Amino acid sequence: MTKIVVLVKEVPDAAVNKQLDASTGRLVRSGERTLNPFDTHAIEAALQLKEGGELSVDEVVAVTIAPAGAEKTLNKAVALGADRSILLSDEGLAGSDVVATAYALAELVKRESPDLVLLGQQSDDGQSYAVGAAVAEYLGWPGLTQVVGLKVEGDKLRAERQAEYGYDTVEVTLPAVLSVGDAINEPRYPSLKAIMGAKKKPQEKLTLADAGIDASKVGADGSQAVWQSAEEPPAKAAGAIIEEDDVAAAVEQIVAWLDERKLV
Ligand SMILES: Cc1cc2nc3c(=O)[nH]c(=O)nc-3n(C[C@H](O)[C@H](O)[C@H](O)COP(=O)(O)OP(=O)(O)OC[C@H]3O[C@@H](n4cnc5c(N)ncnc54)[C@H](O)[C@@H]3O)c2cc1C
């Protein structure tokens, strides 16, 4: 029997203009929040492994670390197909950097002792792409990033990784931590029945003490990354507009424009 833990993050809704608190440099999380869209690919990958039948998956557990109020977001993960969920929420986590977050996530994973941990390649807000590798390191398990294909081969998983030069094919023995790229699958939409049923699935809410997590290794004091300052990105320069009715002439002008800048 195989247990899969999927790490999912609550992020500001894409329609919300993201803002940093000027005094702490932390993201203002008071607006509408939702499930990180990249993580829906990790949930889908878990479901496809479960439904594929080659791996006998008995449980998919969605795990998150988030401020209070993330129950609704976790319910979305359950509506997509997770069997139950775990929310770690504690004031002591505020100010945790990537390494501290990964330490706490790894501790939650240890409590569950799954065979496989799946997560998204990046969050929609922090976008460090680093949590998967750091969680794998804390667990001492093999860690793969940018996984865009997954097959069960006996007691191993054969993963295809998207790399700058093409694709890597890598075999891993479980337990392992895999962060998946969004090209791996097309996440399903939850059915109305699943949305309604999600609230009834078990949801465990934990504090640092409940989870036996060392409070000195998380939060601002347990983090080595210290926010210094932030700047608005430079405003984009106005683009060149070509007004030309004749398509061939317009193409000629575009090519000349690109040629001038040595872009073709
Ligand atoms: C100095 C500093 C202070 C910070 N203070 C705060 C703070 O007070 N409050 C706060 O919320 N953030 C804070 N952050 C941001 C926080 O550390 C990151 O959001 C977090 O470490 C995850 O990094 P990421 O979003 O870049 O993840 P990525 O590596 O881009 O995410 C990859 C995947 O990891 C998984 N994942 C990431 N985060 C979580 C999570 N929390 N739970 C479950 N799965 C997850 C998801 O599957 C995601 O797709 C701070 C960061 C720094 C550097």
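Structure first, text after, so check above.
Just so you know, these numbers come straight off a predicted model, no measurement behind them. (Residues numbered from 1 in each chain as written. Predicted model: local features only at pLDDT ≥ 70, side-chain atom pairs only at ≥ 80, totals over all residues. Heavy atoms only, no water.)

A. Helix H1 (residues 37-52), seen in detail. Its 16 residues give H1 an end-to-end C-alpha distance of 23 Å, which sits within 8% of 22 Å, the value for a rise of 1.5 Å per residue. Within H1 the residues assigned to the buried category are Phe38, Asp39, Thr40, His41, Ala42, Ile43, Glu44, Ala45, Ala46, Leu47 and Leu49. In the segment just after H1, Gly53 is the residue with positive phi, at about 85°. (Helix = DSSP H or I, 4+ residues; strand = E, 2+ residues; numbered from the N terminus. Expected span 1.5 Å × (residues − 1). Buried < 20%, exposed > 50% of the residue type's maximum accessible area, 1.4 Å probe, protein only.)

B. Molecular detail of the site of the ligand. Lys9, Asp39, Gly95, Ser123 and Ser128 are the nearest of the 30 residues found near the ligand. Val8 places a polar main-chain atom, nitrogen or oxygen, 3.4 Å from a nitrogen atom of the ligand. Here an oxygen atom of the ligand sits 2.5 Å away from a polar atom, N or O, in the side chain of Ser123. Contact with the protein chains removes 85% of the 940 Å² of surface that the ligand exposes when unbound. Breaking the shell around the ligand down by element, the ones donating at least two residues are strand S4 (57-65), helix H3 (98-112) and strand S6 (116-120). For the shell around the ligand, a count of residues per class yields 12 nonpolar, 12 polar and six charged. (Near = heavy atom within 4 Å. Polar contact = N/O pair within 3.5 Å; in protein donor to acceptor, adjacent residues only side chain to side chain. Areas by Shrake-Rupley, 256 points an atom, 1.4 Å probe, with all protein chains shown as cover. Nonpolar A, V, L, I, M, F, W, Y, C, P; charged D, E, K, R; others polar.)

C. Structural view of a negative patch on the surface. A contiguous patch of negative charge, built from Glu244, Asp245, Asp246 and Glu252, is present on the exposed surface. Counting through the fold element by element, Glu244 comes out in the loop between helix H6 (208-211) and helix H7 (247-260). (Patch = residues over 30% accessible without salt bridge, like charges linked within 9 Å, V, L, I, M, F, W, Y side chains within 5 Å. Salt bridge = Lys/Arg side-chain N within 4 Å of Asp/Glu carboxyl O. Lys, Arg positive; Asp, Glu negative; His and termini not counted. Charge placed at Lys NZ, Arg CZ, Asp CG, Glu CD.)

D. Examining the packing of H3 against helix H4 (residues 131-139) more closely. At their nearest, the axes of H3 and H4 sit 8 Å apart, and the two run at 55° to each other. When the interaxial angle is binned, H3 and H4 end up oblique. Note on packing geometry: the crossing formed by H3 with H4 is right-handed. Contacts from Val98, Val99, Ala102, Tyr103, Leu105, Ala106, Val109 and Lys110 of H3 reach H4 at Val131, Ala134, Val135, Tyr138 and Leu139. Across the contact of H3 with H4, the residue classes break down as 12 nonpolar, no polar and one charged. (Axes fitted to C-alpha atoms, helices over the stretch in contact; angles between N-to-C directions. Parallel < 35°, antiparallel > 145°, perpendicular 65-115°, else oblique. Left-handed = near helix turned anticlockwise from the far one by under 90°. Contact = heavy atoms within 4.5 Å.)

E. Summary view of the nonpolar core. In terms of nonpolar packing, the biggest core is built from 36 residues, with Ile4, Val6, Val8, Ile43, Leu118 and Leu178 touching the most fellow members. Mapped by element, the contributors of at least two residues to this core are strand S1 (2-7), H1, S4, helix H2 (71-79), S6, strand S7 (143-153), strand S8 (156-163) and strand S10 (176-180). By residue number, the principal contributor to this core is H1, which donates six residues. Beyond its immediate chain neighbours, meaning those up to four positions away, Val6 contacts Ala42, Ile43, Ala46, Val60, Val61, Ala62, Val63 and Leu118. (Core = buried A, V, L, I, M, F, W, Y, C linked by side-chain atoms within 4.5 Å.)

F. Broad picture of a nonpolar patch on the surface. On the surface, Val247, Val251, Val255 and Val264 cluster together to form a nonpolar patch covering roughly 370 Å² of accessible area. Counting through the fold element by element, Val251 comes out in helix H7.

G. Fine view of the pattern of salt bridges. In this structure the tally under the stated criterion is 17 salt bridges. For the salt bridge of Glu44 with Arg188, the shortest nitrogen-to-oxygen distance reads 2.9 Å. Of the two residues, Glu44 sits in helix H1 while Arg188 sits in the loop between S10 and helix H5 (192-198), which places them 144 residues apart along the sequence. Judged by relative accessible area, Glu44 falls into the buried class, the value being 6%. Classification of Arg188 by relative accessible area gives partly exposed; the value is 29%. A salt bridge links Lys110 to Glu107; its shortest N-O distance comes to 3.0 Å. Separated by three residues within a single helix, Lys110 and Glu107 lie in helix H3, roughly one turn from each other. Residue Glu107 is classed as buried on the basis of its relative accessible area of 17%. A single salt-bridge network, built from bridges that share partners, covers Lys3, Glu59, Arg84 and Glu112.

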